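Chain residues, written in single-letter form:
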Amino acid sequence: MATRFRLLFICLGNICRSPAAEGVMRKLVADANLTDQIFIDSAGTAGWHTGKLPDQRMTAAAARRQIPLTSRARQVHPSDLQSFDLALVMDHQNLHDLRSFDPEGLHKQKVRLFCEFCTDHPDTEVPDPYYGGPEGFEHVLNLMEDGCKNLLTHIQKSLLTP
Ligand code: 4NP
């Protein structure tokens, strides 16, 4: 079965939040036997960490939940807006940066805040854990496990419509 949905997660550095989103979603998609149908990637609005594995604190927190993080950081590219079906950003700054790639708003509906999919948390953004303590990384994963579950349901519905 060919890929039918292309999903991109975006944060600032692509070493904490969006790799965690990618890892959590990969596992849910694999458990639903949809790996062949849903392509998942992540990227950062900044290119500082290009080529690096995720931050060790994020990887360790995810590993405690049996979620492997294996992505390599890359910077988001304007062409990602054409090639992906949905780009989920972690905060309003990411949203602003992505919108600057698309001044005419041609792909406006494709770029959404990740927290729109969270139903068990009141957060409107996924807070950047990079300069904080270990609880920040746990909070990121809690948000990811909440939002990705609903995101999968959303994508499954869209796969049903021809
Ligand atoms: P992320 O976190 O956007 O969730 O990957 C950050 C990673 C690195 C930096 C900032 C945020 N940094 O300043 O290097």
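A quick note: this is a predicted structure, and the numbers were derived from the prediction, not measured.

A few points about helix α1 (residues 17–31)
Then step 1. Relative to the 21 Å expected for 15 residues at 1.5 Å per residue, α1 spans 21 Å between its end C-alpha atoms, a close match to the ideal helical length.
Then step 2. Along α1, the residues that are buried comprise Arg17, Ser18, Pro19, Ala20, Ala21, Glu22, Gly23, Val24, Met25 and Val29.
Then step 3. Looking one or two residues beyond α1, the residue adopting positive phi is Asn33, at roughly 60°.

Here's the deal with the side chain of Ser42
Then step 1. Along the polypeptide, Ser42 turns up in strand β2 (residues 38–44).
Then step 2. For Ser42, a relative accessible area of 1% puts it in the buried group.
Then step 3. Of the polar contacts made by the side chain of Ser42, one reaches the side chain of Glu22; its length is 2.6 Å.
Then step 4. Apart from the residues lying within four places of it in its own chain, the contact partners of Ser42 are Leu8, Phe9, Asn14, Ser18, Pro19, Glu22, Ser71 and Arg74.

A closer look at the environment of Asp146
Then step 1. Locating Asp146 in the fold gives a position in helix α5 (residues 134–160).
Then step 2. Of the residues examined, Asp146 reaches a relative accessible area of 3% and is grouped as buried.
Then step 3. Sequence spacing of Asp146 and Cys118 is 28 residues, and the spatial spacing of their C-alpha atoms is 5.4 Å.
Then step 4. What Asp146 contacts, discounting residues up to four positions off in sequence, is Phe117, Cys118, Thr119, Asp120 and His121.
Then step 5. From its side chain, Asp146 meets the backbone nitrogen of Thr119 in a polar contact 3.1 Å long.

Examining α5
It helps to recall that an α-helix has 3.6 residues per turn; residues three or four apart then point in one direction.
Then step 1. Here α5 spans 40 Å end to end across 27 residues, near enough to the 39 Å set by a 1.5 Å rise per residue.
Then step 2. Within the span of α5, buried status applies to Phe137, Val140, Leu141, Leu143, Met144, Asp146, Gly147, Cys148, Leu151, Leu152, Ile155 and Leu159.
Then step 3. On its buried face, α5 sits against β1 (5–11), α1, β2, α2 (56–63) and β3 (86–89).

Observations regarding the pairing of β1
Then step 1. Most of β1 sits inside the fold, with six of its seven residues counted as buried.
Then step 2. In this sheet, β2 lies alongside β1 in parallel orientation, the contact comprising seven bridges. If you follow Leu8 over to β2, its bridge partner there is Asp41.
Then step 3. A crossover connection joins β1 to the parallel β2 through α1; in handedness this β-α-β unit is right-handed.
Then step 4. Pairing geometry for β1 and β3, over four bridges, is parallel. Bridge pairing in β3 places Phe9 opposite Leu88.

About the criteria used
- Residues numbered from 1 in each chain as written.
- Predicted model: local features only at pLDDT ≥ 70, side-chain atom pairs only at ≥ 80, totals over all residues.
- Heavy atoms only, no water.
- Helix = DSSP H or I, 4+ residues; strand = E, 2+ residues; numbered from the N terminus.
- Expected span 1.5 Å × (residues − 1).
- Buried < 20%, exposed > 50% of the residue type's maximum accessible area, 1.4 Å probe, protein only.
- Polar contact = N/O pair within 3.5 Å; in protein donor to acceptor, adjacent residues only side chain to side chain.
- Contact = heavy atoms within 4.5 Å.
- Pairing = 2+ DSSP bridges.
- Right-handed = clockwise from strand over helix to strand, strands pointing away.

Keep in mind these values describe shape, not function.
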